[in-house]
Amino acid sequence: IAYENQLNWNPGADALINFAKENNMAVMAGSLLWGGDIPESVLNGGYKPNQLSKILEYIVKSEVLKYKGGVNEWFVASEVAGSMLFGDSTFKFWFDNLGGRQVVYDAFNWAHQADPKAKLMIYEDHVLDSNNNILQQATSEFMNLLQDLKNRKIPVNDVGIENNFWVYAPPNEANMITKLKQIKAMGYGIAPSQTVVDESTNYPFWPDRPKTVTSVPNLNAAQTKIYSDVFKAYLQTGSQFGIYGFTDAVSEFDSGSIRIPAAKAMILDSNYKPKSAYNALIADLQAYITSKK
């Protein structure tokens, strides 16, 4: 079958996994179901739904089997709710062609069949800062999906949240705690995923995103507060916290074709020097440890 010869393995992944093994580090990898990396030959191949299902099953199982024993947790499906509701034809491709949520159920079952010992995660963006109508719709859809997955006994262990925060639409600490507790009450763990706090005047990935504050007199202070608030929300709910990169010198805002120097979203600056956000996280962690003694 033609598509069986179109899987290109990145040697960099092997190097990272080998490094992790040598240093007793856990590995998280993905995405197995996501609209951002569908091969052109599949998008425009004219395949029927039953053929597409076989292709996706092959892709999912091939990837999981190749790295079986080397990957501790897969984020199987990424940005499902946002893609289904607001994605373009590419991001909605699998959902439009393979039954909406059904393809999510299938992807998790295929991954579990390929490696029953690996933990499986579902990933979604802006769950903790859904402070406008569009993001609220996506978050509501995502929470409904989580309950649906639980009701159907789909093998999903954890929820990973893409915390792509913005100083002009800050999250609320109490609301974040409530949302994390709701997810955990369904029986899911909270996996460490990503946290960045963008300082750009216009949100890079959605230029028309509404602002909830009209001005930010001190960008550094605003960024620091958001980092601190989200970290404390994770600590208070016993959730695993993660960032996404650590220095403005090497980040998603300054890689490939993306150049957004005004983002300054990381906890170290471009010279690898700690910002006040870094110091705040250290202080929050120390205070938490002291409170548990």
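## Brief notes about the pairing of strand β4 (residues 158-166)
Consecutive residues of a regular strand have side chains that alternate between opposite faces of the sheet. Among the nine residues of β4, nine are classified as buried, and the element is accordingly described as predominantly covered. What you see with β4 is no split at all: D158, G160, E162, N164 and W166 on one side and V159, I161, N163 and F165 on the other are buried throughout. In this region the chain leaves strand β3 (residues 119-125), passes through helix α7 (residues 133-151) and returns to the parallel neighbour β4; the handedness of that crossover is right-handed. Direction of pairing for β4 relative to strand β5 (residues 189-198): parallel, over a ladder of eight bridges. Paired with D158 across the bridge in β5 is G189. Tracing the backbone out of β4, into helix α8 (residues 173-185) and back to the parallel element β5 gives a crossover that is right-handed.

## Thoughts on the layout of surface pockets
Of the volumes computed, that of the largest pocket is approximately 1300 Å³. The wall of the largest pocket is formed by 34 residues, among which W34, E79, D125, E162 and N164 lie closest to the centre. At the level of elements, β1 (28-33), β2 (73-78), α4 (80-86), β3, α7, β4 and β5 are the ones that each hand at least two residues to the lining of the largest pocket. Sorting elements by how many residues they give to the lining of the largest pocket places β1 first, with four residues. Classifying every residue of the lining of the largest pocket gives 16 nonpolar, 11 polar and seven charged. When its volume is computed, the second largest pocket comes out at roughly 1000 Å³. Around the second largest pocket sit 37 residues that line it, and A13, G30, E63, Y67 and W74 are the ones nearest its centre.

## Brief notes about the environment of T139
Position of T139 among the secondary structure elements: in helix α7. Separated by 57 residues in the primary sequence, T139 and G82 have C-alpha atoms spaced 8.2 Å apart. With near-sequence residues (within four places) excluded, T139 lies in contact with H126, V127, S130 and K179. A polar contact of 3.4 Å, which involves the side chain of T139, links it to the side chain of S130.

## Here we look at helix α10 (residues 276-292)
The terminal C-alpha atoms of α10 lie 24 Å apart, and with 17 residues this matches the ideal 24 Å at 1.5 Å per residue to within 8%. Residues A277, A280, L281 and D284 constitute the buried set of α10. End-on view of α10: buried residues confined to an arc of 100 degrees, all on one side of the axis. α10 presents Q286 and T290 as exposed residues on the side facing more than 90 degrees away from its buried surface. Looking at the packing, one finds that the buried side of α10 touches α9 (219-236).

## Some remarks on the side chain of T224
When you line up the elements, T224 lands in helix α9. Within the structure, the side chain of T224 is placed 3.4 Å from the backbone nitrogen of A277, a separation counted as a polar contact. Discounting chain neighbours no more than four positions away, the residues touching T224 are S276, A277 and A280.

## Points about the nonpolar core
Formed by 81 residues in total, the largest nonpolar core has its most connected members in W74, W94 and I122. Aside from chain neighbours lying at most four places away, what touches W74 is A29, G30, L32, E63, V64, Y67, A118, K119, L120 and M121.

## Examining the packing of helix α6 (residues 101-114) against α7
At a minimum axis distance of 12 Å, the contact between α6 and α7 shows a crossing angle of 50 degrees. Taken together, the axes of α6 and α7 lie oblique to each other. Where α6 crosses over α7, the handedness of that crossing is right-handed. Residues R101, V104 and Y105 of α6 form the contact with α7, whose participating residues are E141, N144, L145, D148 and L149. Partitioning the contact of α6 with α7 into residue classes produces four nonpolar, one polar and three charged.

## Some words on the environment of S270
Among the structural elements, S270 can be located in the loop between β7 (258-259) and α10. The spacing of S270 and F246 is 24 residues in sequence and 9.8 Å in space, taken between C-alpha atoms. Every residue in contact with S270, bar those within four places of it in the chain, is listed here: T247, D248 and A249.

## Points about unusual backbone geometry
Cis geometry marks the peptide bond from G30 to S31, where omega comes out at 0 degrees. For N24, which is not glycine, the phi torsion reads 55 degrees and is therefore positive. Mapped onto the elements, N24 comes out in the loop between α1 (11-22) and β1. Residue classification places N24 among the exposed residues on the basis of a relative accessible area of 75%. Backbone geometry at Y272 places phi at a positive 65 degrees, although glycine is not the residue there. As for its position among the elements, Y272 is in the loop between β7 and α10.

Cut-offs and rules
- Residues numbered from 1 in each chain as written.
- Predicted model: local features only at pLDDT ≥ 70, side-chain atom pairs only at ≥ 80, totals over all residues.
- Heavy atoms only, no water.
- Buried < 20%, exposed > 50% of the residue type's maximum accessible area, 1.4 Å probe, protein only.
- Helix = DSSP H or I, 4+ residues; strand = E, 2+ residues; numbered from the N terminus.
- Right-handed = clockwise from strand over helix to strand, strands pointing away.
- Pairing = 2+ DSSP bridges.
- 1 Å grid on protein atoms, 1.4 Å probe; cavity = no way out; pocket = protein on both sides within 12 Å on 5 of 7 lines; lining within 4 Å.
- Points joined across faces, edges and corners; volume = space filled by probe spheres on them.
- Nonpolar A, V, L, I, M, F, W, Y, C, P; charged D, E, K, R; others polar.
- Contact = heavy atoms within 4.5 Å.
- Polar contact = N/O pair within 3.5 Å; in protein donor to acceptor, adjacent residues only side chain to side chain.
- Expected span 1.5 Å × (residues − 1).
- Arc of directions from axis to C-beta.
- Core = buried A, V, L, I, M, F, W, Y, C linked by side-chain atoms within 4.5 Å.
- Axes fitted to C-alpha atoms, helices over the stretch in contact; angles between N-to-C directions.
- Parallel < 35°, antiparallel > 145°, perpendicular 65-115°, else oblique.
- Left-handed = near helix turned anticlockwise from the far one by under 90°.

Taken by themselves, the reported measurements are silent on function.
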